[in-house]
Amino acid sequence: MDLSFSKEDEAFRAEVRAFLEAECPSDLRGARIYDVGREGTLRWTQILYKKGWVAPSWPKEYGGTGWSPTQKYIWDEETARIGTPALNGFGLNMVGPVIYTFGTDEQKKRYLPGILSGANWWCQGYSEPGAGSDLAGVRTRAVREGDHYIVNGQKTWTTLAQYADMIFCLVRTDPNVKKQEGISFLLIDMKTPGIAVRPIITLDGGHEVNDVFLENVKVPVENRIGEENKGWTYAKFLLGHERSNIAGVARSKKSLEKLKSIARSEMAGGRPLIESPDFKRKVAELEIDLLALEFTDLRALSEAAKGKPPGPETSPLKIRGTEIQQRLTELTMEAVGYYANPFIKGGPGRNEPEIGPDYAIHSAPTYFNTRKTSIYGGTNEIQRNIIAKMVLGL
Ligand SMILES: Cc1cc2nc3c(=O)[nH]c(=O)nc-3n(C[C@H](O)[C@H](O)[C@H](O)COP(=O)(O)OP(=O)(O)OC[C@H]3O[C@@H](n4cnc5c(N)ncnc54)[C@H](O)[C@@H]3O)c2cc1C
């Protein structure tokens, strides 16, 4: 296993860094997707699209960059360093790969360009009330009538559906067989009559997730991916993509830097907080765990560079990565102390004066928001089940 970067890799890093410094708009740096909204996300997507760097993971023939796994890793580090805004992962990382892998030529022509350019915003219609961890239990029903399906049901936790032009949905097309064998994968235009989006306001006061109701929604059969009742295969393929790069090492390293800088500014007992033995120990433990995660991630990268597809080893990366993200927000709250109390500050539609130093802004909403990371993308308990079965053979 070789974990060092080659001369070519370092030259690539310099090129990426120079591009990001020059091109990433200052008002988008470090901003969350909810702050920049659809407009800000589109602005950044377009810049990357024009450069040809919007889809590092896609094959070159469909508009990807053709980068090696190491180059993608460097890209993640450099984008985290500068704090580029997130892109619409539901299109680029999830349904895009499903379409170019299992879609018809017509579907590729129709949907891939809009995903790459950012013109079409996608959302994910997997979860339902009663079907989350037990995803194969989806009950949203699609009944075939001629060359259409009539879809009825409810999706929930649908992230940023309020911006979406399209939703990819798991629907039940055969209720009389083993549950995994009666599911189909449909691409649905959000403007179709019968679709209603209702906001769910999260703990941090933000509008990030929604309920999506589908009532007699008419979907052309040509919008189905692959075969009828084979949707579970495409759904699992998509989840593999959702969980890749889930460790989030580069972003956590950036947050750790910020935490240390806050702890240098905040005082405890007349001395900088960073010198408090108890706080110092917690930061050191976190840093050691993050370093260990980084090496585990690099080991996975080294395997990927040899062409090995991601397997159950992504589960420990997801668990550890999300636990570290949560611990970082907990320690940041501890460091900023009472400045974390007025936790909903700034953002669209708010004009309250800020209280406390700039670095304290968003600490509490970020803390509350980050509770989600151990739930979405397959809960950490489910990841432990995967490790037990697939890695330990229990
Ligand atoms: C912020 C956020 C955004 C999301 N965005 C989307 C989205 O855009 N699209 C989408 O489709 N979904 C989305 N989800 C849904 C997410 O995938 C589900 O919440 C997740 O899969 C868990 O399902 P559930 O909420 O139904 O919980 P449940 O499955 O009911 O689980 C409840 C608890 O029981 C535990 N549990 C369940 N089964 C087992 C088991 N077999 N063994 C051990 N423990 C178990 C779970 O770990 C959890 O702690 C989002 C969720 C959140 C929080």
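Residues numbered from 1 in each chain as written. Predicted model: local features only at pLDDT ≥ 70, side-chain atom pairs only at ≥ 80, totals over all residues.

A short note on the packing of helix 4 (residues 89–102) against helix 5 (residues 105–117)
Closest axis-to-axis distance for the helix 4/helix 5 pair is 10 Å, and the angle between their directions is 165°. When the axes of helix 4 and helix 5 are compared, the pair comes out roughly antiparallel. Crossing of helix 4 over helix 5 shows left-handed handedness. Residue-level inspection shows Gly91, Leu92, Gly96, Ile99 and Tyr100 of helix 4 in contact with helix 5, the latter providing Gln107, Lys108, Tyr111, Leu112 and Ile115. Tallied by class, the residues present in the contact of helix 4 with helix 5 amount to 6 nonpolar, 3 polar and 1 charged. (Axes fitted to C-alpha atoms, helices over the stretch in contact; angles between N-to-C directions. Helix = DSSP H or I, 4+ residues; strand = E, 2+ residues; numbered from the N terminus. Parallel < 35°, antiparallel > 145°, perpendicular 65-115°, else oblique. Left-handed = near helix turned anticlockwise from the far one by under 90°. Contact = placed C-beta atoms within 7 Å. Nonpolar A, V, L, I, M, F, W, Y, C, P; charged D, E, K, R; others polar.)

Description of the environment of valine 177
The residue valine 177 is located in the loop between strand 4 (166–172) and strand 5 (183–189) in this model. Between the alpha carbons of valine 177 and arginine 299 there is a distance of 41 Å; along the sequence they are 122 residues apart.

Some thoughts on the pairing of strand 6 (residues 195–201)
Strand direction decides the pairing type here: strand 6 and strand 7 (residues 207–220), joined by 7 bridges, are antiparallel. Across the sheet, isoleucine 195 pairs through a bridge with leucine 214, a residue of strand 7. Here strand 6 folds back onto strand 7 in antiparallel fashion, the turn holding 5 residues, of which glycine 205 has a positive phi close to 85°. (Pairing = 2+ DSSP bridges.)

Here we look at unusual backbone geometry
One non-glycine residue with positive phi stands out, namely tryptophan 157, at about 60°. The topology assignment puts tryptophan 157 in the loop between strand 3 (148–155) and strand 4.

Observations concerning the site of the ligand
Looking at the ligand, there are 17 residues lining it, with Tyr126, Gly132, Ser133, Thr379 and Glu381 nearest. Of all the secondary structure elements, the ones that give two or more residues to the shell around the ligand are strand 1 (122–125) and helix 11 (380–391). Ranked by the residues each element gives to the shell around the ligand, the list is headed by helix 11, at 3 residues. Residue composition of the shell around the ligand, grouped by class: 7 nonpolar, 8 polar and 2 charged. (Near = placed C-beta within 6 Å.)

Details of the nonpolar core
By size, the foremost hydrophobic cluster in this structure holds 51 residues, and its most contacted members are Trp122, Ala164, Ile167, Leu170, Leu186 and Ile188. With 7 residues, helix 4 is the single largest residue contributor to this core. Structurally, this core is a two-domain feature, drawing no fewer than three residues from each of domain 1 (7–87) and domain 2 (122–229). In contact with tryptophan 122, not counting residues within four places along its chain, are Asn88, Phe90, Gly91, Val95, Ile115, Ala164, Met166 and Phe168. Of all hydrophobic cores here, the second largest spans 22 residues; its members include Val249, Leu259, Ala263 and Leu290. (Core = buried A, V, L, I, M, F, W, Y, C linked by C-beta atoms within 7 Å. Buried ≥ 20, exposed ≤ 12 C-beta atoms within 10 Å, placed from the backbone. Domains from an automatic or database assignment.)

A word on the domain arrangement of the protein chain
Think of interface size as the accessible area that goes away when the parts come together; that is how it is often given. The domains assigned to the protein chain are domain 1 (7–87), domain 2 (122–229) and domain 3 (244–391). Computed over C-alpha atoms, the centres of domain 2 and domain 3 are 32 Å apart. Taken together, the contacts link 6 residues of domain 2 with 7 residues of domain 3. The residue makeup of the side of domain 2 that touches domain 3, split by class, is 1 nonpolar, 4 polar and 1 charged.

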